[in-house]
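Structure assessment
Residues per chain, in single letters:
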Amino acid sequence: MILTRRKLLQGSAALGAATLSPHMGLAQNEGFTSITARLASMQLAPDGYAQTDVWGYEGLTPGPTIQVAKGARVQRQFVNELPQGSSIHWHGIRIDNAMDGVSGLTQDAVEPGQTFDYDFVVPDAGTYWFHAHNKSVEQVARGLYGALIVEEDEAPDIDQEEVLLLDDWLINPDTAQLDPDFEAPHDRSHGGRNGNFITTNGDYQFSSDVKQGDRLRLRLINAANARIFVLSLMGLEGWVMAYDGMPLDKPEKVNGEFPLAPGQRVDLFVDVTAEEGEAAYLLRTIDEQLLPQAAFPVTARSSVSTRDAPQPLPPNHGEHITDVSDATAVTLRMEGGAMGRLNTAVLDGEEMTFRQLAEANQFWSFNGVVGMTETPLAGFSRGEMVKLKIENETRFPHAMHLHGMHFREVLEDGQFGPMRDTILTYAGRTTEIAFRADNPGKWLFHCHMLSHSAAGMRTWIDVA
Ligand SMILES: [Cu+2]
């Protein structure tokens, strides 16, 4: 459990008012500290199974949560003690391009034994995360990720906060070790690497005690390689407060199931309605079965009387896109994958048949091109409004993530969706997004089903 500021202040009241500061206990501008990626093992599977070898920041998965105030400067010296080159991407942060952590685009991979200084400001409050961005299909699957929480200037009125990183692991039940075939052609050409063992914060039976009537803030982060979590609430009355860190103008009541695609986050406020002695749940649906993703045993009743529906979180920079008629139009046609209709595509400058691509373990194309190229998908001048049409001509959903900037979906009725950095596009459907290209640099745009990204689904845009 993470203490809310209210509890923190209550707990420290006895120490005297002089010790109180708005962001007491929060790391901010404290200078460089190190974050070391290294090998570790942990009891991931239930008792009786062996420990699982993982890779983790500070030897932990999830890594230690970085929690800072809005506007704070984050300084971390990344120390690589892995057997592979690596880098850290700060997912969802409107960051300086040089700090975006994409090996091969914004920096070289940090080789084993080497270090890299990440130094950036977090301009927006919200729920973000960080993860490895070199060979990410392997490195994220091994556990290299953690939460990055940026606090609002004024703490919202909640009783308890939970940062919940959802993941699945592909584990051999005999050995409790991760399946080492991170490049399996079947995963790459189908739905990606899906695990057989699901956890919250590395715990397959995550549980946290709550009080009836309490309002919790749940910060959900999908850290899985490919799994789209289908979630719902039980014994909790909930509101969506923010998607991908960005607050909604009006909280949305949670009604039934909602998807959380890889890379996406959602902030919920939930009021505990389950009775004392029972439990409330965050549930996942798999094959029409409801299973607990996180349990909240109700151990007492809150002394606080029931609250009204929550007020919206304070807005971030919030680009209120109202008109995209003059926006620069770009189309991204996705093709390939199993059961797709991709005949030929260009890989490393060479036109190849789908069979040849498959032999190279590549399966997906954007506008007929597989993987990264020397030239960007598109170049924009700074401040240009862009509308990007994503045509999913494959048989699979894809969670498309834009680095460095948030966008809104252009809806059919002329309205715009919430600000996001990762959007789920569905098979056979066209999704249009709009954003202002206001952050200069080379920004990756890729599928967050990491096997897909490794098998062709990545490109980049250039903002001058
Ligand atoms: Cu994909």
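Source: prediction; values computed, not measured.

**Here's the deal with the overall build of the protein chain**
When helices and strands are counted, the protein chain shows five helices and 35 strands. Relative to a compact globule of 464 residues, whose C-alpha radius of gyration would be 23 Å, the protein chain shows 22 Å and is just as compact. Principal axes of the C-alpha set define a box for the protein chain whose edges measure 70 × 55 × 45 Å.

**As for the sheet that holds strand β12 (residues 197-200)**
Spatial ordering of the open sheet is given by β12-β9-β14-β19-β16-β17, a layout of six strands whose pairing is mixed. Edge positions in the open sheet fall to β12 and β17 (246-253), since each of these has one partner strand only. Here the strands of the sheet are splayed against their neighbours by 25° on average, with no regard to which way each runs. Across seven bridges, the pairing between strand β9 (residues 160-169) and strand β14 (residues 215-222) is parallel. Among the inter-strand pairings, Val 163 is bridged to a residue of β14, identified as Arg 219.

**Topic: the domain arrangement of the protein chain**
Each assigned domain of the protein chain is listed here: domain 1 (5-151), domain 2 (160-301) and domain 3 (328-463). Computed over C-alpha atoms only, the centres of domain 1 and domain 2 are separated by 20 Å. Contacts between the two partners involve 28 residues from domain 1 and, on the opposite side, 26 residues from domain 2. Residue assignment for the side of domain 1 that touches domain 2 shows that the elements contributing at least two residues are β2 (52-57), β7 (126-132), α2 (136-139) and β8 (145-151).

**Overview of the environment of Gln 293**
By the element assignment, Gln 293 lies in strand β21 (residues 289-301). Sequence-wise, Gln 293 and Phe 206 are 87 residues apart; in three dimensions their C-alpha atoms are separated by 7.2 Å. Setting aside residues no more than four positions away along its own chain, Gln 293 makes contact with Leu 166, Thr 200, Leu 231, Leu 282, Leu 283 and Arg 284.

**Points about the sheet that holds strand β34 (residues 441-447)**
If you walk across this open sheet you meet the five strands as β27-β35-β34-β29-β32, and the pairing is mixed. Each of the sheet's edge strands pairs with one partner strand only, and the pair in question is β27 (378-380) and β32 (422-425). The sheet shows a mean angle of 20° between the axes of neighbouring strands, direction not considered. Across four bridges, strand β29 (residues 398-402) lies against β32 in antiparallel orientation. When the bridges of β32 are listed, Met 400 appears paired with Ile 423.

**With respect to the environment of Val 122**
Relative to the helices and strands, Val 122 resides in the loop between β6 (115-121) and β7. Looking at Val 122, the number of C-beta atoms within 10 Å reads 26, which means it is buried. When the C-alpha positions of Val 122 and Arg 94 are compared, they lie 7.2 Å apart, and in sequence the two are 28 residues distant. Here Val 122 is in contact with Val 68, Lys 70, Gly 71, Ala 72, Val 74, Ile 93 and Val 150, once residues within four sequence places are set aside.

**Topic: the pairing of strand β20 (residues 279-286)**
Pairing analysis gives four bridges linking strand β15 (residues 229-234) to β20, with the strands arranged antiparallel. Directly across from Leu 231, in β20, lies its bridge partner Arg 284. Two elements, β20 and β21, share eight bridges in a ladder whose sense is antiparallel. When the bridges of β21 are listed, Tyr 281 appears paired with Ala 295. Where β20 hands over to β21, the hairpin turn is made up of two residues, of which Asp 287 adopts a positive phi near 50°.

**Considering the environment of Asn 222**
Position of Asn 222 among the secondary structure elements: in strand β14. When the C-alpha positions of Asn 222 and Leu 165 are compared, they lie 6.0 Å apart, and in sequence the two are 57 residues distant.

Rules used throughout
- Residues numbered from 1 in each chain as written.
- Predicted model: local features only at pLDDT ≥ 70, side-chain atom pairs only at ≥ 80, totals over all residues.
- Helix = DSSP H or I, 4+ residues; strand = E, 2+ residues; numbered from the N terminus.
- Rg over C-alpha atoms; globule rule 2.2 N^0.38 Å.
- Pairing = 2+ DSSP bridges.
- Axes fitted to C-alpha atoms, helices over the stretch in contact; angles between N-to-C directions.
- Domains from an automatic or database assignment.
- Contact = placed C-beta atoms within 7 Å.
- Buried ≥ 20, exposed ≤ 12 C-beta atoms within 10 Å, placed from the backbone.

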